[in-house]
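What the coordinates show
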Amino acid sequence: QPQQSTTPPLNQSYMSYNQNYNSRGASPPLSYYIQPRQRLNTLLAVHSVSSFIIGALGYLNPNTASLFFSVESPREMGVARVLSRLYCALIFAQGIMIWRARKINDGEIKRAFILAYFVCFLFSTVAVIMEHLSNEGIVDGKFFGVMKIAVMMGLTVGYGWFTFFQPPATFALAAHHQY
């Protein structure tokens, strides 16, 4: 009789993993989140949670806009405060959409989300870098300004990787384990 493999098929390994860890309330190890079939879900979850935090903090304390943009008068600060609140409300709402997108069953819809985020962050990164390089004093070049550029570049690369280098199966819900 041929020897059978001791490794369960992929779907069974996720089911047994879910039963073993979630029944005990244990969190999966960090390596689980970077497995090939879990990377998209991890990117979406991190982006979503970050959007919740940044959106809420920016909306509740719109003066944080001064960390990224230079303002010279009380009127400019008022404009920055309103624009910051509007932008942060959109960021928070984006967090909801991303969190819910993790559960989308249709791979084509999920691919559309990923492509749209790639384009959004690519254009946003280019815009922020162009303003930074123009050196007109609008975009603050201190730590938070540079971090904003770095984060935008990271999101562009992350979503670009999924847009151009991942097979369609990556976007199917069955490929991801839900918590």
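For the structure itself, consult the block above.
Residues numbered from 1 in each chain as written. Predicted model: local features only at pLDDT ≥ 70, side-chain atom pairs only at ≥ 80, totals over all residues. Heavy atoms only, no water.

**What about the overall build of the chain?**
Looking only at helices and strands, the chain features six helices and zero strands. Listing the helices and strands of the chain from first to last along the sequence gives α-α-α-α-α-α. For the chain, buried positions account for 32% of its 179 residues. The long-range fraction of contacts in the chain, counting pairs at least 24 apart against all pairs at least 6 apart in sequence, stands at 74%. By element, 66% of the accessible surface of the chain is carried by carbon and sulfur atoms, the whole surface being about 11,500 Å². (Helix = DSSP H or I, 4+ residues; strand = E, 2+ residues; numbered from the N terminus. Buried < 20%, exposed > 50% of the residue type's maximum accessible area, 1.4 Å probe, protein only. Contact = heavy atoms within 4.5 Å. Areas by Shrake-Rupley, 256 points an atom, 1.4 Å probe, with all protein chains shown as cover.)

**What about the packing of aromatic side chains?**
Counting across every chain of the model gives six aromatic pairs. Considering the side-chain rings of Phe52 and Phe92, the 5.2 Å spacing of their centres and the 55° angle between planes classify their relative orientation as tilted. Taken together, the residues Phe52 in helix H3 (residues 39–60) and Phe92 in helix H4 (residues 74–101) connect sequence positions 40 residues apart. By relative accessible area, Phe52 is classed as partly exposed at 24%. (Phe/Tyr/Trp six-rings, centres within 6.5 Å; stacked < 30°, edge-to-face > 60°.)

**Remarks on helix H5 (residues 107–134)**
Compared with an ideal rise of 1.5 Å per residue, which puts 28 residues at 40 Å, H5 spans 40 Å between its outermost C-alpha atoms and is within 8% of the ideal. Residues of H5 that are buried include every one of Gly107, Lys110, Ile114, Tyr117, Phe118, Phe121, Thr125 and Val128, and no others. The opening residue of H5 is Asp106, an N-cap whose side-chain oxygen sits 2.9 Å from the backbone nitrogen of Glu108. Asn135 lies just past H5 and shows a positive phi near 55°. (Expected span 1.5 Å × (residues − 1). Polar contact = N/O pair within 3.5 Å; in protein donor to acceptor, adjacent residues only side chain to side chain.)

**Regarding the packing of H5 against helix H6 (residues 143–165)**
Put simply, H5 and H6 touch, their axes get as near as 8 Å, and they point 150° apart. When the interaxial angle is binned, H5 and H6 end up roughly antiparallel. Along this stretch, H5 crosses H6, giving a crossing that reads as left-handed. Between H5 and H6, the residues in contact are Arg111, Ile114, Leu115, Tyr117, Phe118, Phe121, Leu122, Ser124, Thr125, Val128, Ile129 and His132 and Lys148, Ile149, Met152, Met153, Leu155, Thr156, Tyr159, Gly160, Phe162, Thr163 and Phe164, respectively. Looking at the contact of H5 with H6 residue by residue, the class counts come to 15 nonpolar, six polar and two charged. (Axes fitted to C-alpha atoms, helices over the stretch in contact; angles between N-to-C directions. Parallel < 35°, antiparallel > 145°, perpendicular 65-115°, else oblique. Left-handed = near helix turned anticlockwise from the far one by under 90°. Nonpolar A, V, L, I, M, F, W, Y, C, P; charged D, E, K, R; others polar.)

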